[in-house]
Amino acid sequence: MTLWRLEWLRLVRTRRLLALTGVYVFFGFVGPLTARYLPQILERFGGDQMQVVVPDPVPADGIAQFSANATQIGLLVAVVVAAGALTMGALGEMAVFLRTRVASPARLLLPRYVVAAGAGAAAFALGSMVAWYETAVLLGGVPAGGMAAGTALGMLYLAFAAAVAAAVGSRFDGVLSTVLGALVALLVLPLLGLVGPVGRWLPSHLVGAQTDLVSGGDVAGYLGSAAVTAAVSALLLWAAVRRTGTREW
Amino acid sequence: MIEAAGLVKAYGETRALDGVDLAVPAGSVFGLVGPNGAGKTTLLSILAGLRTPTGGTVTIGAGPSEVAVLPDTPRFDPWLTGREVVALAAALAGAPGGVEEALADAGLDEAAGRRVGGYSRGMLQRLGIAATVVGRPRVMLLDEPASALDPAGRREVLDLVRRSRGEATVVFSSHILADVQEVSDHLGILHRGRMLLQGEAGGLLEGRVEPAYVVRFRRGRDAAASALAALPWVQEAAPSGDLDLRVRVSSAAAAEEGLVAALASSGAAVVSIRPEAPSLEDLFLEVTS
């Protein structure tokens, strides 16, 4: 029994892995389907009084539909899963049990972060593959390079979201507080992007990468924010380790 | 093995610990007693590295993986089995063996495969004890280890603490003074954040508590009581029950030389004479009052 296995069991036995993969795979199926049949859906609900004209769907619309859902509900589930693992104070006595047996809090937090962030990223990748396949079947193929790069950048953003949860979780004793704190941080961040050209350097810039890259966008436009995201994630993890090491139990 | 000097822990204006010195020899069992709010848990938390003292120093002669801590209400992730909790503790201690033995010693061998979420409070306490002793830590810090246990469980914990003497340095707190007196070879009395008294248990008890003897009579108790009360080294000769007389003396040496002779000259029929063991409760009340 190791701390890595502990985290794996946390994912499996609490059905968090099921929730994560379920959400992303569900939207992977539903996104392209919605994009393909959007005109028919709108026509059915519009009735006779209203005529809604939408352009014919293109392959990128399938991925865009998946990405929109994935970055909202998917992100929420990923943050909840990460907060559940990274809020050490949520079960104080268990934290005492673990904290008193390891020399460095990094040894405790690293498996929690890697497994939680890894599960979120893997679920997103799985959902993306499903969306890619379904889009190809219903709407036509999207460029593999753009899809792969966009998915990788989305995974990086989820790893950043988990790092935010780690930093917030090191300061709270409740999972709900951590979830709310992390979501507020993640939602406020794009607002900073409204200030001049800062937005293209922020982690939130990565949220739209998948849709943009399958629509012909250039991956070079995301390298800066990817580097910033990786650096800020590392900084947040360092802060979480430091806070966990100095806080009182 | 464990030393602390001038430990202070302040929460605003309140001092949970106020200049506590502590010396726990290697391999000893140190019983920490004190009323609620005395600072016992705070002291154990500081020794465990879970809280930072406001002032003073702590030295523990063991690394983190060699120190095991048992909180007063142990809880574990409910989706783990008891066996997995103990196996995790063993792995973190760097000694993955001995899991089944620790579970059996704690009386959990049959429940080891069940999820912890279904354990009673007593079972959680036993599991905490198994997770503490597995891997043979060099230092064990136990906060009220028997508080949630039934009499049989309490007895097992006391036996376990007693068996650890010489192999590990144990500091344990308890409200049950008889338990502390039974298994501790060193004692500390903490009161309002101050260590009022500490040292080797036998010396503390015999040095501080006035010696007393219990004499059982077949007849002549009242006459003997009057005769004894007149002696200068007898503090008190008080009847106890129907047959006994409790003789409190100022000097054990004087009583050893004169008590038998005094009883014989009173003409009473004596069944037995036994020294009354000094009680930690008496010492505790004397020191904290």
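Definitions and cut-offs
- Position numbers for residues start from 1 in each chain and track the written sequence from start to end.
- Labels are handed out in written order, letters beginning with A for the chains and numbers beginning with 1 for the ligands.
- Totals for whole chains, interfaces and linings use all residues, but because this is a predicted model, local features are given only for residues with pLDDT of at least 70 and pairs of side-chain atoms are given and counted only at 80 or more.
- The basis for every side-chain value is the complete set of heavy atoms in the structure, and neither hydrogens nor water enter the calculation.
- Counting from the N terminus, the helices are DSSP H or I runs at least four residues long and the strands are E runs at least two residues long.
- Three labels apply to residues, based on accessible area from a 1.4 Å probe with only protein chains included: buried if under 20% of the type maximum, exposed if over 50%, partly exposed otherwise in between.
- Here the Shrake-Rupley method, with its probe set to 1.4 Å, supplies the accessible areas, and only the displayed protein chains count as covering residues.
- The charge count includes Lys and Arg as positive and Asp and Glu as negative, but it does not include His or the ends of the chains.
- To locate a charge, take NZ of a lysine, CZ of an arginine, CG of an aspartate or CD of a glutamate.
- A radius of gyration in this sense is built from C-alpha atoms; the matching globule rule multiplies 2.2 Å by the number of residues raised to 0.38.
- Contact criterion: two residues are considered in contact whenever any of their non-hydrogen atoms come within 4.5 Å of each other.
- Here, a salt bridge means any side-chain nitrogen of Lys or Arg that lies within 4 Å of a carboxyl oxygen of Asp or Glu.
- Residues grouped as a nonpolar core are buried Ala, Val, Leu, Ile, Met, Phe, Trp, Tyr and Cys residues, joined through side-chain atoms within 4.5 Å.
- In this description, strands pair whenever DSSP reports at least two bridges between them.
- Geometry is summarised by axes, namely lines fitted to C-alpha atoms with helices restricted to the contacting stretch, and by angles between N-to-C directions that run from 0 to 180 degrees.
- What gets called buried area is simply the loss in accessible area from a 1.4 Å probe that two parts show on being joined, summed for both.
- The scheme is simple: roughly parallel for angles under 35 degrees, roughly antiparallel for over 145, roughly perpendicular for 65 to 115, oblique for anything else.
- Crossing handedness: left-handed means the near helix sits turned counterclockwise from the far one by under a right angle, and right-handed means the same turn made clockwise.
- Residues are grouped as follows: Ala, Val, Leu, Ile, Met, Phe, Trp, Tyr, Cys and Pro are nonpolar; Asp, Glu, Lys and Arg are charged; every other residue, Gly included, is polar.
- Only residues whose relative accessible area exceeds 30% and that form no salt bridge enter a patch; like-charged residues are grouped when within 9 Å of one another, and nonpolar side chains (Val, Leu, Ile, Met, Phe, Trp, Tyr) when within 5 Å.

1. Topic: the overall build of chain B
Working step 1: Each helix and strand in chain B was counted, giving 10 helices and 13 strands.
Working step 2: Seen through its C-alpha atoms, chain B measures out along the principal axes to roughly 70 × 45 × 30 Å.
Working step 3: Counting every position in chain B, which comprises 289 residues, the buried fraction comes to 51%.
Working step 4: Accessible surface, chain B as shown: approximately 12,700 Å² in total, 50% of it carbon and sulfur.
Working step 5: Within chain B, one finds 27 positive and 35 negative side-chain charges whose respective centroids are separated by 3 Å.

2. Topic: the overall build of chain A
Working step 1: What chain A contains, in helices and strands, is 9 helices and 0 strands.
Working step 2: A compact globule built from 249 residues would reach a C-alpha radius of gyration of about 18 Å, and chain A, at 20 Å, matches this within 12%.
Working step 3: Each principal axis of the C-alpha atoms in chain A carries an extent, and together these give about 65 × 40 × 35 Å.
Working step 4: In chain A, which comprises 249 residues, the proportion classed as buried is 46%.
Working step 5: Long-range pairs, those at least 24 residues apart, make up 80% of the contacts in chain A between residues at least 6 apart in sequence.

3. As for the pattern of salt bridges
Working step 1: Counted according to the given criterion, the structure contains 21 salt bridges over all chains.
Working step 2: As a salt-bridge pair, A:Arg10 and A:Glu7 come within 2.8 Å of each other at their nearest N and O atoms. Of this pair, A:Arg10 and A:Glu7 are both found in helix α1 (residues 3-13), 3 residues apart, which corresponds to roughly one turn of the helix. Of the two residues, A:Arg10 and A:Glu7, neither departs from the other in class, the shared state being buried.
Working step 3: A salt bridge links B:Arg162 to B:Asp159; its shortest N-O distance comes to 2.8 Å. Placement of the pair is B:Arg162 and B:Asp159 together in helix α5 (residues 151-164), with a separation of 3 residues, close to one helical turn.
Working step 4: Judged by its relative accessible area of 24%, B:Asp159 is partly exposed.

4. Examining the nonpolar core
Working step 1: Among the nonpolar cores identified, the biggest contains 115 residues, and A:Tyr24, A:Phe97, A:Leu98, B:Leu43, B:Leu127 and B:Leu141 are the most heavily contacted of them.
Working step 2: In this structure B:Leu43 touches B:Leu7, B:Leu17, B:Val20, B:Leu32, B:Leu190 and B:Met195, once residues within four positions along its chain are discounted.
Working step 3: In this structure, B:Val29, B:Val33, B:Ala146 and B:Leu187 belong to the second largest nonpolar core, which totals 28 residues.

5. Focus: the sheet that holds strand β10 (residues 212-219) of chain B
Residue and element names in this part refer to chain B.
Working step 1: Across the sheet, which stays open at both edges, the 4 strands sit in the order β11-β12-β10-β13 with antiparallel pairing between neighbours. On the outer flanks of this sheet lie β11 (234-240) and β13 (269-276), each paired with one strand and no other. Shown here is a sheet whose adjacent strand axes are inclined to one another by a mean of 20°, direction ignored.
Working step 2: Of the pairings in the sheet, the one linking β11 to strand β12 (residues 244-249) comprises 6 bridges and is antiparallel in character. Across the sheet, alanine 238 pairs through a bridge with arginine 246, a residue of β12.
Working step 3: Contacts between helix α8 (residues 221-229) and the sheet are confined to β10, β11 and β12, with β11 contributing the most and set at about 165° to the helix.
Working step 4: Contacting β10, β12 and β13, helix α9 (residues 252-266) crosses the sheet at an angle of about 10° to β10.

6. A few points about the interface of chain A and chain B
For interface size, the figure often reported is the accessible area lost on association.
Working step 1: Contact residues are listed per partner, giving 24 residues for chain A and 30 residues for chain B.
Working step 2: Carbon and sulfur atoms supply 61% of the area buried between chain A and chain B, which totals about 2,500 Å² over both sides.
Working step 3: Together, A:Met1, A:Arg13 and A:Arg101 form the three largest contributors to the area buried by chain A at its contact with chain B, with a combined 29%.
Working step 4: Run the count over chain A and chain B and you get 3 salt bridges.

7. Brief notes about the environment of B:Phe76
Working step 1: Note that B:Phe76 resides in the loop between β5 (67-70) and α2 (82-92).
Working step 2: Sequence separation between B:Phe76 and B:Gly128 is 52 residues; the distance between their C-alpha atoms is 8.7 Å.

8. What about the packing of helix α5 (residues 105-138) of chain A against helix α6 (residues 144-169) of chain A?
Residue and element names in this part refer to chain A.
Working step 1: Here α5 crosses α6 at 150°, and the two axes come no closer than 9 Å. Taken together, the axis directions place α5 and α6 in an arrangement best described as roughly antiparallel. The two elements α5 and α6 cross, and the hand of that crossing is right-handed. For the pair α5 and α6, contact is made by Tyr113, Ala117, Gly120, Ala121, Phe124, Ala125, Ser128 and Trp132 and by Ala144, Met147, Thr151, Gly154, Met155, Leu158, Ala159, Phe160, Ala162 and Ala163, respectively.
Working step 2: Considering only residue class, the contact of α5 with α6 consists of 14 nonpolar, 4 polar and no charged.

9. Concerning the pairing of strand β9 (residues 194-200) of chain B
Residues and elements named next belong to chain B.
Working step 1: Note that strand β8 (residues 186-191) and β9 share 6 bridges and pair antiparallel. When the bridges of β9 are listed, leucine 190 appears paired with methionine 195.
Working step 2: Linkage of β8 to β9, two consecutive antiparallel strands, is achieved through a turn of 2 residues, within which arginine 192 is found at a positive phi near 50°.

10. Quick word on a nonpolar patch on the surface
Working step 1: On the surface, A:Leu33, A:Tyr37, A:Leu38 and A:Ile41 cluster together into a nonpolar patch covering about 300 Å² of accessible area.
Working step 2: On the secondary structure map, A:Tyr37 appears in helix α2 (residues 16-46).

11. A closer look at the pairing of strand β6 (residues 139-143) of chain B
Residues and elements named next belong to chain B.
Working step 1: For β6, the tally of buried residues reaches 5 of 5 residues, placing the bulk of the element in the interior.
Working step 2: Here β6 shows no split at all, with Val139, Leu141 and Asp143 on one side and Met140 and Leu142 on the other all buried.
Working step 3: Pairing of β5 with β6, which is carried by 4 bridges, proceeds in the parallel orientation. Across the sheet, residue alanine 68 finds its bridge partner in β6, namely methionine 140.
Working step 4: Alignment of β6 against strand β7 (residues 169-173), held across 5 bridges, turns out to be parallel.

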